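Summary of the model geometry
Chain by chain, the residues run as shown.
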Amino acid sequence: MPQSESHASPSFDQVVARAVSRRTVLAGSASAALLSLFGCASTTGTGKGARPPSTKIGADANLMQFNPVTLREAATPNGRSWPLVSQDYEFDLILPWGDPINPTGPKFRWPPNAEDQAVQIGTGHDGMWFFPSSDSPNSKGVLAINHEFGSTATILGKSLPQSLEEVRVSQHAHGVSILNIERVDGRWKSVGGDNVRRVHVNTPVTFSGPAANHALLANRSDDVAKGTLNNCAFGHTPWGTYLTCEENWAFYFGTTRSGFSPTVEQQRYGLFGRSFYGWHNFDPRFNLQSEDYANESHRFGWIVEIDPNDANQVPVKHTALGRFGHEGATVAVGKDDRVVVYLGDDSGNEHIYKFVSSASYQKLLREGKSPLAHGQLYVAKFNEDQTGEWIPLSMDNPALAERFKDEAEIVTYVRIAAKIVGATPMDRPEWITIGPNGEAYCTLTNNSRRTVPNAANPMAPNTHGHIIRWTDSDQHIGLDFTWDIFLMARDTQNTEELFDSPDGLWADSEGRLFIETDGNQSDSDTSINNQLLVADTNTGEIRRLFTGVNDCEITGLAVTPDQRTMFVNIQHPGVSNFRPGEEGRIFPALGETTSVPRDCTVVLEKKDGGVVGS
């Protein structure tokens, strides 16, 4: 069972010392002897002398040759209203909220109406992936973009919607955009096509796995399951489909009258009747007291599969992957071609999961079965000796069989199941990526709720965040693993490498780790906007590639196959300072009559045409 928070806790230095005790930390150049669990240098230590220098450029800096954005360049007294990129790079801004998904569609106007917004790019740009075309893979393809966050004040100019029409506008701004993009005359742009579509809160969906057709997902008899929302990070499959992840879905459910008493299960998922969006006042689907939609909240919190090349495909919610605050769904092909999906639950003291398909994904597809519907879900336990185990969540466990009636209840209330089996509570596990040697990296953004550290989460509270990594046995499908801490963001305070609250994450095949941030980027001397950094997983060196604008989050990571073009997103820019009707430059100020902040996608390319991050 998890460690009791009433126990006396070791100091931060004691916990970190345990996590790095079996490693030799890099203290100089990349040619130094490196002894670590993964054959890589650690960037964690109990003192600043344990960290490699961040700005060395020369023979030892093979993966990253670009000149980083310096802390002095990134910091200004009032923040920055325009992005900043390394002098070796250039960027372009494309695909802002409100542009039509087909060029012939309705143009942006503010505030939008529900009909137009349903065929326009959504807001809250987050996770995404690029599916290259077969004929010109590096210059055209399909870009799938998640839309996580929709500020009602930005969308409507009001604190809450005042009618069902306004609710529909907000709902249609959430979800996913499937866009065809192409490099035309040297610039990437949306070009439309038959496969282009929006998937939003009112799009019909279906379910697979243990909870499909179960009473837990049933509402009134004539109700059709619809919608996806709060779409955060992503995944993509070997068979060419897109996975979008429903994260903070509980924020959308409210109550219209007093006397609501949440069940134990509702409390565990944050369903206390307090909505951030006010949809429940006009749409009974999101009213927790509606008898017609008693199980609507059970229909959210899943991984959703979308075919980016077929606009007629009905999105599938895969219940075998569990219901929680999904931050990502990173797919690896394991031993015997089984599909493995790594999953993080982005909330304080929640858990890391993985799903392993029951057989080769090719075999299951030939049999007409989804590889994401047939398999086993596990939850991670991190031990203090840098070993770990994946605990199966099934009715074969007597403790779970005592608490739940069937597998459908386990996956629907998987947060409860994870606690019962003694999984390790983590510091907001977010994005997960697979490194070139098969190791998994996971951002643990921060955790203000932690009062007792553990080996894998050594700060209490964890205000800065860290990155953990592990390697599973038996080519991803094994039930044991070894782990270490790759980076503690605390160690970058008052250094040139300053960063905080790591969030988005992607590793390329050469060992570069791209880190995006979502939090306060400041120390005792300096404050900068959220940023994109590149770390060398072999040496621990970190360089700052890009910084965003005031109030924004840097998120979303996608690349063309040659890695010469990278797409990232700027989410909710300038939201805190936006006042409807005010004049002035508000990012990205694209010439609309009323200037409002608009999320958009950034195209990053190296001036010499090299690999991004090099």
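1. Quick word on the overall build of the protein chain
Looking only at helices and strands, the protein chain has 10 helices and 32 strands in total. Per-residue burial for the protein chain yields a buried fraction of 62% across its 614 residues. The long-range share in the protein chain, meaning contacts at least 24 apart out of those at least 6 apart in sequence, stands at 65%.

2. A closer look at helix α5 (residues 164-173)
Along α5, seven of the 10 residues are buried, which leaves the element largely enclosed by surrounding structure. Among all positions of α5, only E166, V167, V169, S170, Q171, H172 and A173 are buried. Those residues of α5 that are buried are in contact with α3 (114-117), β4 (140-147), α4 (152-156), β5 (175-184) and β7 (197-199). Count one or two residues on from α5 and you reach G175, which has phi positive near 105°.

3. Observations concerning the confidence of the model for the protein chain
With 87% of its residues at a pLDDT of at least 70, the protein chain reaches an overall mean of 89. Within the model, pLDDT remains below 50 along residues 18-61, and this stretch shows 115 contacts once partners closer than five positions in the same chain are excluded.

4. Structural notes on the nonpolar core
L532, M566 and F567 are the most contacted members of the largest nonpolar core, which has 66 residues in total. Residues contacting L532, with those up to four places away along its chain left out, are F514, I515, E516, R544, L545, F546, I554, L557, M566, V568 and L604.

5. Focus on the sheet that holds strand β8 (residues 206-208)
Strand order in the open sheet made by the five strands is β8-β12-β11-β10-β9, with mixed pairing throughout. Two strands close off the open sheet at either side, each with one partner strand: β8 and β9 (231-236). Taken over all neighbouring pairs, the strand axes of this sheet differ in orientation by 30° on average, direction set aside. Here β9 pairs with strand β10 (residues 242-246) via four bridges, running antiparallel. By the bridge assignment, N231 is partnered in β10 with E246.

6. Some details on the packing of aromatic side chains
The geometry of an aromatic ring pair is captured by the separation of the ring centres together with the interplanar angle, meaning the angle of the planes. Enumeration according to the criterion identifies 32 aromatic pairs in this entry. Centre to centre, the rings of F130 and F567 are 5.8 Å apart; their planes meet at 35°, and the pair counts as tilted. Placement of F130 in strand β3 (residues 125-132) and of F567 in strand β31 (residues 565-571) is noted, with a sequence separation of 437 residues between them. Residue F567 is classed as buried on the basis of its relative accessible area, which comes to 0%.

7. A closer look at the sheet that holds strand β16 (residues 352-360)
Read across the sheet, nine strands follow the order β13-β14-β16-β17-β18-β23-β22-β21-β20 without closing on themselves; strand pairing throughout is antiparallel. For this open sheet the edge positions go to β13 (326-333) and β20 (429-434), each flanked by a neighbour on one side alone. For this sheet, the mean angle separating the axes of adjacent strands, direction not counted, is 30°. Of the pairings in the sheet, the one linking β20 to strand β21 (residues 440-444) comprises four bridges and is antiparallel in character. Across the sheet, the residue bridging to T433 is Y441, located in β21.

8. Section: the pattern of salt bridges
All chains considered together, the criterion is met by 30 salt bridges. The residue R168 makes a salt bridge to D283 at a minimum N-O spacing of 3.0 Å. Here D283 lies in the loop between α6 (264-268) and β11 (303-306) and R168 lies in helix α5, a separation of 115 residues in the sequence. With a shortest N-O distance of 3.4 Å, E296 and R299 are connected by a salt bridge. Across the pair, R299 and E296 agree in class, each one buried.

9. Here's the deal with the side chain of K317
You can see K317 is positioned in strand β12 (residues 316-318). There is a polar contact of 2.7 Å between the side chain of K317 and the backbone oxygen of R299. Those residues in contact with K317, other than ones at most four positions away along the chain, are V205, T206, F207, S208, G227, T228, E246, R299, F300, W302, I303 and V304.

10. Section: the environment of K226
Structurally, K226 is set in the loop between β8 and β9. Judged by its relative accessible area of 27%, K226 falls in the partly exposed class. Taking the C-alpha atoms as reference points, K226 and N202, 24 residues apart in sequence, are found 5.3 Å from one another.

11. As for the side chain of T526
Along the chain, the position of T526 falls in the loop between β26 (521-522) and β27 (527-528). T526 gets classed as buried once you look at its relative accessible area, which sits at 17%. For T526, the contacting residues outside a window of four places in its chain are L71, A75, L498 and Q521.

12. Observations concerning the state of the cysteines
Applying the stated criterion across every chain yields a total of zero disulfides. Free of any disulfide, C232 has its nearest cysteine sulfur in C245, 7.6 Å distant. Judged by its relative accessible area of 2%, C232 falls in the buried class.

13. Observations regarding the pairing of β16
Within β16, eight of the nine residues are buried, which leaves the element mostly enclosed by the surrounding structure. Pairing of strand β14 (residues 338-345) with β16, which is carried by six bridges, proceeds in the antiparallel orientation. When the bridges of β16 are listed, R338 appears paired with S360. Across five bridges, β16 lies against strand β17 (residues 375-382) in antiparallel orientation. Counterpart to Y353 in the pairing with β17 is V379.

14. Thoughts on the environment of E90
Inspection of the secondary structure puts E90 in strand β2 (residues 89-94). By relative accessible area, E90 is classed as partly exposed at 43%. Not counting residues within four places of it along the chain, the set of residues in contact with E90 comprises V85, V603, L604, E605 and K607.

Thresholds applied
- Residue numbers here run from 1 along each chain, matching the order of that chain's written sequence.
- In keeping with the model being predicted, local features are shown solely for residues with a pLDDT of at least 70 and side-chain atom pairs are shown and tallied solely at 80 or more, while totals for entire chains, interfaces and linings include all residues.
- Calculated side-chain values reflect all of the structure's heavy atoms, with hydrogen atoms and water omitted.
- Under the DSSP-based scheme used, a helix requires at least four consecutive residues in state H or I and a strand at least two consecutive residues in state E, with every element numbered from the N terminus.
- Exposed residues in this analysis have more than 50% of their type's maximum accessible area, buried residues have under 20%, and partly exposed residues fall in between, with area computed by a 1.4 Å probe over protein chains only.
- Here a residue-residue contact requires only that any non-hydrogen atoms of the pair lie within 4.5 Å.
- Per residue, pLDDT captures the predictor's confidence, and it can take any value from 0 to 100.
- Buried Ala, Val, Leu, Ile, Met, Phe, Trp, Tyr and Cys residues that are joined via side-chain atoms within 4.5 Å together make up what is termed a nonpolar core.
- Strand pairing requires that DSSP identify at least two bridges connecting the strands.
- Angles here are taken between N-to-C directions and fall from 0 to 180 degrees, while the axes themselves are lines fitted to C-alpha atoms, restricted in helices to the stretch in contact.
- Put simply, two rings from Phe, Tyr or Trp (the six-membered ring, in Trp's case) pair if the centres are within 6.5 Å, and we call them stacked under 30 degrees between planes, edge-to-face over 60, tilted for the rest.
- Salt bridges are defined by distance alone: a side-chain nitrogen of Lys or Arg within 4 Å of a carboxyl oxygen of Asp or Glu.
- Within 3.5 Å is the distance limit for a polar contact, defined as a pair of N or O atoms, with the added protein rule that one can donate a hydrogen and the other accept it, and that residues adjacent in sequence qualify only through two side-chain atoms.
- Cysteine sulfurs are considered disulfide-paired once they come within 2.5 Å of each other.

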